[in-house]
Amino acid sequence: MTRTQPRVITGLMLGAFLALGVDTLVIVAALWYVGRMSGRIAGAVTVAILLVFSLWVAVRWIRLRLLAPSTEDGDQKTDDTEHQEPLDRLKQRYANGELSDGEFEERLDRLLDADRRAESTNVPASRRLEQFRESE
């Protein structure tokens, strides 16, 4: 799973949960209004729905914010260089002294040229990343 997938899934679940909860509350309110349900039962159902929704939000928040390892800016840590962007890896190698000035400039030019060519041919970013790794 990528870093954004849990957030997307949470968003979808939130939307489905809100739709189901609001629909149920509307039905309960309509039944109470026409006299088919007592006020106490309608209130109890409403409170139960709101409690379950609040509990679900709290659990999701705890899982996403408190239990997930994160950096200061909120992104998850990745110590694995496999998951770093090629430009970031190139900069890191240059900063660590693994590449000379000339090597850095040559690889940077190759990376930018490959990126421009790939964008002009509508190659997906994941394939561009694979192509750059193969060229290293």
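Residues numbered from 1 in each chain as written. Predicted model: local features only at pLDDT ≥ 70, side-chain atom pairs only at ≥ 80, totals over all residues. Heavy atoms only, no water.

Draft legend 1. Geometry of the overall build of the protein. Per the secondary structure count, the protein includes five helices and zero strands. If you list the helices and strands of the protein from N to C, you get α-α-α-α-α. Here the protein holds 136 residues, and 12% of them are scored as buried. Put simply, 49% of the contacts in the protein that link residues at least 6 apart link residues at least 24 apart. Summing over all exposed atoms, the protein offers an accessible surface of approximately 10,500 Å²; the carbon and sulfur share of this is 58%. (Helix = DSSP H or I, 4+ residues; strand = E, 2+ residues; numbered from the N terminus. Buried < 20%, exposed > 50% of the residue type's maximum accessible area, 1.4 Å probe, protein only. Contact = heavy atoms within 4.5 Å. Areas by Shrake-Rupley, 256 points an atom, 1.4 Å probe, with all protein chains shown as cover.)

Draft legend 2. Spatial organisation of helix α4 (residues 101-120). With 20 residues, α4 extends 29 Å between its outermost C-alpha atoms, agreeing within 8% with the 28 Å of an ideal straight helix rising 1.5 Å per residue. Burial in α4 covers these residues: Phe104, Leu111 and Ala118. An end-on view of α4 places all buried positions within 70° of arc, on one side of the element. In α4, the exposed positions that point more than 90 degrees away from the buried face belong to Arg116, Arg117 and Ser120. (Expected span 1.5 Å × (residues − 1). Arc of directions from axis to C-beta.)

Draft legend 3. Quick look at the confidence of the model for the protein. Per-residue confidence for the protein gives a mean pLDDT of 77, with 70% of residues at or over 70. Per-element confidence in the protein ranges from a low mean pLDDT of 64 for helix α5 (residues 125-135) to a high of 88 for helix α2 (residues 39-66). (pLDDT = per-residue confidence, 0-100.)

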